[in-house]
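Survey of secondary and tertiary structure
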Amino acid sequence: MIVPEISRSMLKNATVLGLFAIVTVGAVTLLQQGTAERIQAAERAAQVRALGEILPTGSYDNHLLDDSVLVQDRLLGNRSPLPAYIAIKDGRPSAVILQAIAPDGYSGAIHLLVGIHADGRVAGVRVIGHRETPGLGDKIELAKSPWIRSFEGKSLTNPAADGWAVKKDRGEFDQFAGATITPRAVVGAVHRALQYFDAHKAELLAAEGATADAAGNALEGRSEPDEVTVHSRAGSAATRDELRTTEPAAKPQGDQP
């Protein structure tokens, strides 16, 4: 009969379409998983390169992304906890890389990595995100100017507090021609990061000879974190989205006062 033959044909077509759909969904899922893994690997490699620019070669022997604590404080400018990376050398903390945010850039927040040796000297500073004016404020990038390296070797007491300003404000650091707001914001953020490190050095580095795990446990052990500082153990690095916070509306482009 014709009807049974039509039914068998429809069943066969439905089976073929079903199998095709299953194979297609499986292939798409595998492709998405592979793409996500490649993206994560690329992000991790980029983070490793960025952190590696901060600390001198040979100053640590651990994987920085795997040794971190979450910190949050007004001095760092972050509204949510971000990783602080602990450098270890021969089993002892040798430096910390803090993520600091300057909220008062000319065109919005400026995101920084600030490396600080255990003795309080700045190891290095790098800008990892900003919206400053091309050709003016973007000289905070190492690729555009060596200005960002002027912080290396400085400390909370070198220069003195009044020296932590641009020269236009009678400080020690250069400003840019036609752009003062941007370098002023970065200088202030680095200075505040040093103040944070000085106030929490014992907690970040823990006792002499402690490992990063011990440092994390010490931070977790605080029974009541104060109003402005939050510490907790972190096992992985922040993504670029986590480095971003709500930023002020961008100002019109042009020369800065």
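This is a predicted model, so every value here is computed, not measured.

**As for the overall build of the chain**
- When you go through the chain residue by residue, the secondary structure sums to 4 helices and 6 strands.
- In sequence order, the secondary structure elements of the chain are arranged as α-β-β-β-β-β-α-α-β-α.
- The 257 residues of the chain split such that 43% are buried.
- Partitioning the intrachain contacts of the chain with sequence separation of at least 6 by distance along the chain shows that 57% fall at a separation of at least 24.

**Overview of the UniProt feature "modified residue: FMN phosphoryl threonine" (unreviewed entry) in the chain**
- Residues given the UniProt feature "modified residue: FMN phosphoryl threonine" (unreviewed entry) here are Thr180.
- Structurally, Thr180 can be placed in the loop between strand E5 (122-129) and helix H2 (181-205).
- Residue class for Thr180 comes out buried when judged on its relative accessible area of 5%.

**Some thoughts on unusual backbone geometry**
- Put simply, Asn158 and Pro159 share a cis peptide bond, and its omega is 10 degrees.
- Residues other than glycine seldom take positive phi values, yet Asp90 does so here, at roughly 55 degrees.
- Residue Asp90 is classed as exposed on the basis of its relative accessible area, which comes to 63%.

**Overview of the nonpolar core**
- Of all hydrophobic cores here, the largest spans 38 residues; its most connected members are Leu98, Leu112, Phe151 and Val186.
- Contributions of two or more residues to this core are made by strand E1 (68-72), strand E2 (82-89), strand E3 (92-105), strand E4 (108-117), E5 and H2.
- Setting aside anything within four residues of it in sequence, one finds Leu98 in contact with Leu76, Ala84, Leu112, Leu113, Val114, Ile116, Ala193, Tyr196, Phe197 and Leu204.
- Judged by nonpolar contacts, the second largest core, of 12 residues, contains Leu51, Leu65, Ala87 and Leu113.

**Focus on the pairing of E1**
- For E1, the buried fraction is high: 4 of the 5 residues fall into the buried class.
- In this sheet, E2 lies alongside E1 in antiparallel orientation, the contact comprising 4 bridges. By the bridge assignment for E2, Val71 is matched with Leu82.

**A look at the pattern of salt bridges**
- Tallied over the entire structure, the rule returns 8 salt bridges.
- Salt-bridge contacts for Arg149 lead to Glu152; the nearest nitrogen and oxygen are separated by 2.9 Å.
- Glu152 gets classed as partly exposed once you look at its relative accessible area, which sits at 29%.
- Between Lys167 and Asp174 there is a salt bridge; the shortest N-O distance is 2.7 Å.
- Asp174 gets classed as partly exposed once you look at its relative accessible area, which sits at 38%.

**Describing the packing of aromatic side chains**
- Taken as a whole and assessed by the stated rule, the structure comprises 5 aromatic pairs.
- Ring plane angle 85 degrees and centroid distance 5.4 Å describe the contact between Trp147 and Phe151, whose orientation is recorded as edge-to-face.
- Trp147 gets classed as buried once you look at its relative accessible area, which sits at 7%.
- The exposure class of Phe151 is buried, given its relative accessible area of 0%.
- An aromatic cluster is present here, built from Trp147, Phe151, Trp164, Phe173 and Phe176 joined pairwise through their rings.

Calculation notes
Residues numbered from 1 in each chain as written. Predicted model: local features only at pLDDT ≥ 70, side-chain atom pairs only at ≥ 80, totals over all residues. Heavy atoms only, no water. Helix = DSSP H or I, 4+ residues; strand = E, 2+ residues; numbered from the N terminus. Buried < 20%, exposed > 50% of the residue type's maximum accessible area, 1.4 Å probe, protein only. Contact = heavy atoms within 4.5 Å. UniProt positions renumbered as here; feature names shortened; annotations may be inferred. Core = buried A, V, L, I, M, F, W, Y, C linked by side-chain atoms within 4.5 Å. Pairing = 2+ DSSP bridges. Salt bridge = Lys/Arg side-chain N within 4 Å of Asp/Glu carboxyl O. Phe/Tyr/Trp six-rings, centres within 6.5 Å; stacked < 30°, edge-to-face > 60°.

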